[in-house]
Amino acid sequence: MLLHLMTWTEVEEYLKVSQGIILPIGSTEQHGQTGLIGTDTICAEGIARGVGEMTNTVVAPTINVGMALHQAAFPGAIALRPNTLIELIQDYLTSLARAGFTKFFFVNGYGGNVATLRAAFAESYSYLTDLHIPNAEKVECRIANWFTCNSVYKLAKELYGSLEGYQAAPGEVAVTQYFYPEIISKMPVMAEVGLPYPVYSTTRFRDRYSHRGRGYDPAMATPEDGKIFYDLAVQELSEVYLEFIHSAAA
Ligand code: NI
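Scope of this entry: the structure provided in the associated data block. Owing to the predicted nature of the structure, the values given are computational and were not obtained by experimental measurement. (Residues numbered from 1 in each chain as written. Predicted model: local features only at pLDDT ≥ 70, side-chain atom pairs only at ≥ 80, totals over all residues. Heavy atoms only, no water.)

1. A look at the coordination of the nickel ion
- In this structure, His-31 (NE2), Asp-40 (OD), Glu-172 (OE) and Glu-172 (OE) serve as the protein donors to the nickel ion, at separations of 1.9 to 2.7 Å.
- For the nickel ion, the four donor atoms in the first shell make angles of 51 to 134° at the metal, so the coordination geometry reads as irregular.
- Summarised as a motif, the one-chain spacing of the donors to the nickel ion is H-x8-D-x131-E. With Asp-40 in helix α2 (residues 39-55) and Glu-172 in helix α6 (residues 170-179), this residue pair connects regions lying 132 residues apart in the sequence.
- In this structure Glu-172 comes out as buried when scored by relative accessible area, which is 10%. (Donors = N, O, S within 2.8 Å, 3.2 Å for Na, K, Ca; no water. Tetrahedral: all angles 85-135°; square planar, octahedral: opposite > 155°, others 65-115°. Helix = DSSP H or I, 4+ residues; strand = E, 2+ residues; numbered from the N terminus. Buried < 20%, exposed > 50% of the residue type's maximum accessible area, 1.4 Å probe, protein only.)

Okay, structure coming up:
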């Protein structure tokens, strides 16, 4: 069930049965010369929708931009400042909590969002209580990174070893190839696989990674592997979601 394809009366009926909702969140940023700018969003949205189908849960509109300030020197990046992302999450949660949702399960496709999401949750728990929204004390948020699922991580290490990398990794590139097989033909092979390097200024980041990968080799990706990653992530995150939704608020 996709929220944007439901009517408000259907949402009202759903809330009588469940107060859980899945929120995909990704990013819009470079993924090397071979990966799509929407890689993190495509993975999060597709996997979140799979979890929604498997668990009969509403999936909210995808948050397709993230905290990607260090990517700003690459054309095509759209980066939210941490404060903007915190306020966006807070407004999402406030709107949905007013309607009666209390369990918020963020299927995340981008490691750079994690710290800001945690800050947003801390602010929102306090904010919702101050607003005296009914059930505010029952609100719980969970981050579910598809790429750190045990089953996904294990397979990525088996397939790619140390070349799974940190960004535009073959695992996430494989998932985008599964969803959009027509993109494979435009993906050149990277000339050089670089080592991971700390993030500093936007220009230093671009200089470092314009012509080499960030500890990865996306040329190892295949759409067949992407389908396996998708199935593993949907299965594991569905189990995590069901455990989350059935856990009583402490
Ligand atoms: Ni990514």
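That was the structure; now back to the text.
2. Comments concerning the environment of Gln-167
- With respect to the helices and strands, the residue Gln-167 is situated in the loop between α5 (150-160) and α6.
- Overall, Gln-167 belongs to the buried group, its relative accessible area being 6%.
- Spatially, the C-alpha atom of Gln-167 lies 9.1 Å from that of Gly-111, the residues being 56 residues apart in sequence.

3. Overview of the nonpolar core
- In this structure, Ile-47, Ile-89, Phe-104, Phe-106, Trp-146 and Phe-229 are the most contacted members of the largest nonpolar core, which totals 60 residues.
- If we ignore the near neighbours within four places in the chain, the residues touching Trp-146 are Cys-43, Ile-47, Asn-108, Gly-109, Val-152, Gly-171, Glu-172, Val-175, Phe-229, Ala-233 and Leu-237. (Core = buried A, V, L, I, M, F, W, Y, C linked by side-chain atoms within 4.5 Å. Contact = heavy atoms within 4.5 Å.)

4. Quick look at the side chain of Asp-40
- Residue Asp-40 is classed as buried on the basis of its relative accessible area, which comes to 2%.
- Within the structure, the side chain of Asp-40 is placed 2.8 Å from the side chain of His-31, a separation counted as a polar contact. (Polar contact = N/O pair within 3.5 Å; in protein donor to acceptor, adjacent residues only side chain to side chain.)

5. Concerning the pairing of strand β3 (residues 103-108)
- In terms of burial, β3 is largely enclosed, as six of its six residues are buried.
- Burial along β3 is two-sided: the residues Lys-103, Phe-105 and Val-107 and Phe-104, Phe-106 and Asn-108 are all buried.
- Sheet topology places strand β1 (residues 20-25) next to β3; six bridges connect them, and they run parallel. What sits directly across from Ile-25, in β3, is Asn-108.
- With six bridges connecting them, β3 and strand β4 (residues 140-145) associate as parallel partners. What sits directly across from Phe-105, in β4, is Arg-142.
- A crossover links β3 with its parallel partner β4, the connecting element being helix α4 (residues 114-130), and its sense is right-handed. (Pairing = 2+ DSSP bridges. Right-handed = clockwise from strand over helix to strand, strands pointing away.)

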